[in-house]
Amino acid sequence: MPRPIRALIDFLALQHNLSIVRKHARNAQIMAVIKANAYGHGLLSTVSALKSADAFAVLELEAAVRLREAGVDHPILLLEGYFSTEDLVVADQYRLSTVIHHKEQLVMLLASKLKNKLNVFVKINTGMNRLGFTLGDAVAALNTLRSHPTIGNITLMTHFACADDPLQKIEIIEQIECFSVIQKKFHLPCSMANSAAILRYPETLADWVRPGIMLYGASPLLDKTAAELDLRPVMTVTSKIIAIQHLALKDKVGYGGHFQADRPMRIGIVACGYADGYPRHAPTGTPILVDGQRTRIVGRVSMDMLTVDLTSIEHANVGSIVILWGKGLPIEEVAESAGTISYELFCALSSRVETQTIMNENQ
Ligand SMILES: *Cc1c(COP(=O)(O)O)cnc(C)c1O
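Residues numbered from 1 in each chain as written. Predicted model: local features only at pLDDT ≥ 70, side-chain atom pairs only at ≥ 80, totals over all residues. Heavy atoms only, no water.

Some words on the UniProt feature "modified residue: N6-(pyridoxal phosphate)lysine" (unreviewed entry) in the protein
Here is step 1 of the chain: Taking the numbering used here, the UniProt-annotated feature "modified residue: N6-(pyridoxal phosphate)lysine" (unreviewed entry) corresponds to Lys35.
Here is step 2 of the chain: As for its placement among the helices and strands, lysine 35 is situated in helix H2 (residues 35-39).
Here is step 3 of the chain: When sequence neighbours within four positions are dropped, the list of residues in contact with lysine 35 reads Ala57, Val58, Leu59, Glu60 and Leu79. (UniProt positions renumbered as here; feature names shortened; annotations may be inferred. Helix = DSSP H or I, 4+ residues; strand = E, 2+ residues; numbered from the N terminus. Contact = heavy atoms within 4.5 Å.)

What follows is the structure, given as structure tokens:
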């Protein structure tokens, strides 16, 4: 029998979350962001649930090729563009769209002979200072692209640094103002909003929205829970109790003996550790569900196991079902306790954890 840890992927929850995006996006087209193996949810199964999206966005060229080879016909955007002229040949062959964010990419493009028209998203750096042309460079780049014979549609794009935080509205306004300088000059279709901006700043919806995290049912906003936004968790990581220990007062648990019992305790050993993607930094007190009841992890997370307090869950025993995050336990709570964000937990899910798509919400 395999180890009991599983990641259950709720197909209907993905579709529900897409409908919530659709509701907020109004007339904007939806480019579902499925980079990093669909945030750990599995590329092809996620795409099959999200067929009614208008386009998909990835970073990994191999993922884009896999989608085409699986028969996905939607527009597919490479979010970091291409890294070599060879990549451009592949993008051309598989009819991929690409971000262009840097002069070097323009040089590669001008040196290539494309067979088909290439649709491009020109990324403008409006203040995040990660990827994108400055306003000055963007004008030159856009003029070059517009006169290039094998460039098809051109879309303007930018990315927000602080849309999650209600206290950082001023940063968003500055980014929008910066972007509008180019918008006014070129009158091209535009794309700005990630999940947080879709929900918080309708003025950023433009022609294409780029939701990621909200499709997977985690809240992109610091001041609202997923439930408040009517988003449903897609991934539920579950495992089982595989052993029980009884601690006397002052007994310790796990590596380093960091946790010491302050009374007699019953401890459950869960088949889930950092090699499965559970954060090693999750401290004593991080929430976890055992047989549907909320309790806490105690002691250090080890590679393949972690330990939970069962003192108040008397009926729990070997074989009891554990939920690490997902239905009944929002991933944001676990992430916050571990000093990280839901995105990182999703993406860290290890390939040794089998994912299972479920079609029925009651399963
Ligand atoms: C990852 C990414 C997104 C999606 O962001 P979420 O916060 O997950 O909605 C959108 N745009 C770009 C450029 C990205 O890299």
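Details of the side chain of asparagine 17
Here is step 1 of the chain: You can see asparagine 17 is positioned in helix H1 (residues 11-25).
Here is step 2 of the chain: The exposure class of asparagine 17 is buried, given its relative accessible area of 0%. (Buried < 20%, exposed > 50% of the residue type's maximum accessible area, 1.4 Å probe, protein only.)

Structural notes on the domain arrangement of the protein
Often, the extent of an interface is quoted as the loss of accessible area upon association of its parts.
Here is step 1 of the chain: When the domains of the protein are assigned, the result is domain 1 (11-216) and domain 2 (235-358).
Here is step 2 of the chain: Centre-to-centre, using C-alpha coordinates, domain 1 lies 37 Å away from domain 2.
Here is step 3 of the chain: The partner domain 2 presents eight residues to the eight residues of domain 1 that form the contact.
Here is step 4 of the chain: By the criterion of area lost to domain 2, the three top residues of domain 1 are Tyr39, His41 and Ile213, representing 54% of everything that side buries.
Here is step 5 of the chain: Applying the counting criterion to the domain 1 and domain 2 interface returns zero salt bridges.
Here is step 6 of the chain: Residues belonging to the side of domain 1 that touches domain 2 are distributed by class as follows: five nonpolar, three polar and no charged. (Domains from an automatic or database assignment. Buried area = accessible area lost by both parts, 1.4 Å probe. Salt bridge = Lys/Arg side-chain N within 4 Å of Asp/Glu carboxyl O. Nonpolar A, V, L, I, M, F, W, Y, C, P; charged D, E, K, R; others polar.)

A closer look at the pattern of salt bridges
Here is step 1 of the chain: Evaluation of the coordinates by the stated rule reveals 12 salt bridges.
Here is step 2 of the chain: For arginine 3, the salt bridge goes to aspartate 276, with nearest N and O atoms at 2.9 Å. Taken together, the residues span a long stretch of sequence, with arginine 3 in the segment before strand E1 (6-10) and aspartate 276 in the loop between strand E13 (265-270) and strand E14 (287-290) at a distance of 273 residues.
Here is step 3 of the chain: Its relative accessible area of 31% is what places arginine 3 among the partly exposed residues.
Here is step 4 of the chain: Looking at aspartate 276, the relative accessible area reads 2%, which means it is buried.
Here is step 5 of the chain: Between aspartate 54 and arginine 22 there is a salt bridge whose closest N-O contact spans 3.0 Å. Separated by 32 residues along the polypeptide, aspartate 54 in the loop between helix H3 (43-49) and strand E3 (55-58) and arginine 22 in helix H1 bring together distant segments of the chain.
Here is step 6 of the chain: It is possible to trace a salt-bridge network through shared partners that takes in Arg3, Asp276, Asp304 and Arg352.

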